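Okay, here's what each chain looks like letter by letter:
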Amino acid sequence: MPYRMREGVSHCQVDGSLIFLDLEEDRYFRLSSRLEDMFLSFLSSNGQPVVDVSELVRQNILVKALDAAPTPSATLNAAPSLSAIEHQSDAPVFDAVTLLEVFATVCSTQFQLRTRRLNRTIASAVAYRQRMTSHILFPPNRPQAERLIESAGAFRHARRCVPIDTSCLLDSISMVKFLARRRLPADIVFGVALNPFAAHCWVQAGEWLLNDTVGNVAAHTQIRKV
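Let us look at the structure shown here. Predicted, not measured: the structure shown is a model, and the values here were computed from it. (Residues numbered from 1 in each chain as written. Predicted model: local features only at pLDDT ≥ 70, side-chain atom pairs only at ≥ 80, totals over all residues. Heavy atoms only, no water.)

## A word on the overall build of the protein chain
Secondary structure assignment for the protein chain yields eight helices and ten strands. Burial status across the protein chain gives 48% buried among its 226 residues. For the protein chain, the share of sequence-separated contacts (at least 6 apart) that also reach a separation of at least 24 residues comes to 70%. Surface exposure of the protein chain reaches about 11700 Å², of which carbon and sulfur atoms provide 53%. Charge centroids of the protein chain, computed over 24 positive and 22 negative side chains, lie 6 Å from each other. (Helix = DSSP H or I, 4+ residues; strand = E, 2+ residues; numbered from the N terminus. Buried < 20%, exposed > 50% of the residue type's maximum accessible area, 1.4 Å probe, protein only. Contact = heavy atoms within 4.5 Å. Areas by Shrake-Rupley, 256 points an atom, 1.4 Å probe, with all protein chains shown as cover. Lys, Arg positive; Asp, Glu negative; His and termini not counted. Charge placed at Lys NZ, Arg CZ, Asp CG, Glu CD.)

## Quick notes on the sheet that holds strand β2 (residues 9–14)
Strand order in the open sheet formed by three strands is β2-β3-β4, with antiparallel pairing between adjacent strands. Every other strand in the sheet has two partners, leaving β2 and β4 (27–29) as the edge strands with one partner each. Across the sheet, the mean angle separating the axes of adjacent strands is 25° when strand polarity is ignored. Here strand β3 (residues 17–22) pairs with β4 via three bridges, running antiparallel. Looking at the pairing, Asp22 lines up with Arg27 of β4. Against the sheet, helix α1 (residues 33–43) touches β2 and β3, its axis set at about 80° to β3. (Pairing = 2+ DSSP bridges. Axes fitted to C-alpha atoms, helices over the stretch in contact; angles between N-to-C directions.)

## Comments concerning the packing of aromatic side chains
As enumerated under the stated definition, the model contains five aromatic pairs in all. Between Phe20 and Phe39, the ring centres sit 4.9 Å apart and the planes meet at 75°, which makes this aromatic pair edge-to-face. With Phe20 in strand β3 and Phe39 in helix α1, this pair connects stretches of sequence that are 19 residues apart. Plain terms: the ring middles of Phe39 and Phe42 are 6.2 Å apart, the flat faces sit at 40° to each other, and that makes the pair tilted. Taken together, the positions of Phe39 and Phe42, both in helix α1 and three residues apart, correspond to about one turn of that helix. Across this residue pair, the class does not change: Phe39 and Phe42 are buried. Here the aromatic cluster, defined as three or more aromatic residues joined through ring pairs, consists of Phe20, Phe29, Phe39 and Phe42. Over the ring of Phe29 we find Arg27, and its NZ or CZ is 4.2 Å from the ring centre. Over the ring of Phe178 we find Arg182; its NZ or CZ atom is 3.7 Å from the centre of that ring. (Phe/Tyr/Trp six-rings, centres within 6.5 Å; stacked < 30°, edge-to-face > 60°. Lys NZ or Arg CZ within 6 Å of the ring centre and 35° of its normal.)

## Here we look at the packing of helix α4 (residues 96–115) against helix α6 (residues 142–159)
Contact geometry for α4 and α6: axes closest at 9 Å, N-to-C directions at 75°. With respect to each other, α4 and α6 are oriented roughly perpendicular. Contact with α4, carried on its side by Thr98, Leu99, Val102 and Val106, involves Ala154, Phe155, Ala158 and Arg159 of α6 and no other residues of that element. (Parallel < 35°, antiparallel > 145°, perpendicular 65-115°, else oblique.)

## Let's talk about the packing of α4 against helix α7 (residues 168–180)
Interaxial distance between α4 and α7 falls to 9 Å at its minimum, and their mutual angle equals 125°. Judged by the inter-axis angle, α4 sits oblique to α7. The way α4 lies across α7 gives a crossing that is right-handed. Along its contact with α4, which presents Thr98, Glu101, Val102, Thr105, Val106, Ser108, Thr109, Gln110, Gln112 and Leu113, the element α7 presents Leu169, Leu170, Ile173, Ser174, Lys177 and Phe178. (Left-handed = near helix turned anticlockwise from the far one by under 90°.)

Listed below in structure tokens is the structure:
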């Protein structure tokens, strides 16, 4: 019987340990050593496990596949090499209309995060980005990168005037929607670190980081992008 990872579940390896992210359940988790070995055996089997994976199925990590095709590998971004924060020397100019737009976007995103499941909030943002930017070249060429840097800077500086506590998740989703409204596609990338455990996310377009520094992101291992 072929199996695949359930949609919404992703994983990465950090310092020899497997970390999982379940967007549908809004949680990070680890497996016991026995289940880690079982999962690694499954990965090496191209979806046709030679060991019993029933416990992984019971834990809703694996599901039956419709065909014998191997589980596709998660697509992740290349490590970013440039940061819009570190690139811009002058504070971007933003007007009252931009401030109101950022305020409304952050407030609506915060409301969604409080009242919806995380995967629904992210799916809504991704669907909006797709509608607005499906015809746009990605990763960005130089003119697009310049617009991304300028627009991301305007968002970050207007965000300082919004009286809502900052958080990487809230601000990354909000920025992606703000950029999509300007026909500028960008990804939300989730990353983790161990010892101690830390979860983080950021906005990335090609090699450009738009709301973080290269050094801070380098301290995290990518686990998923949307």
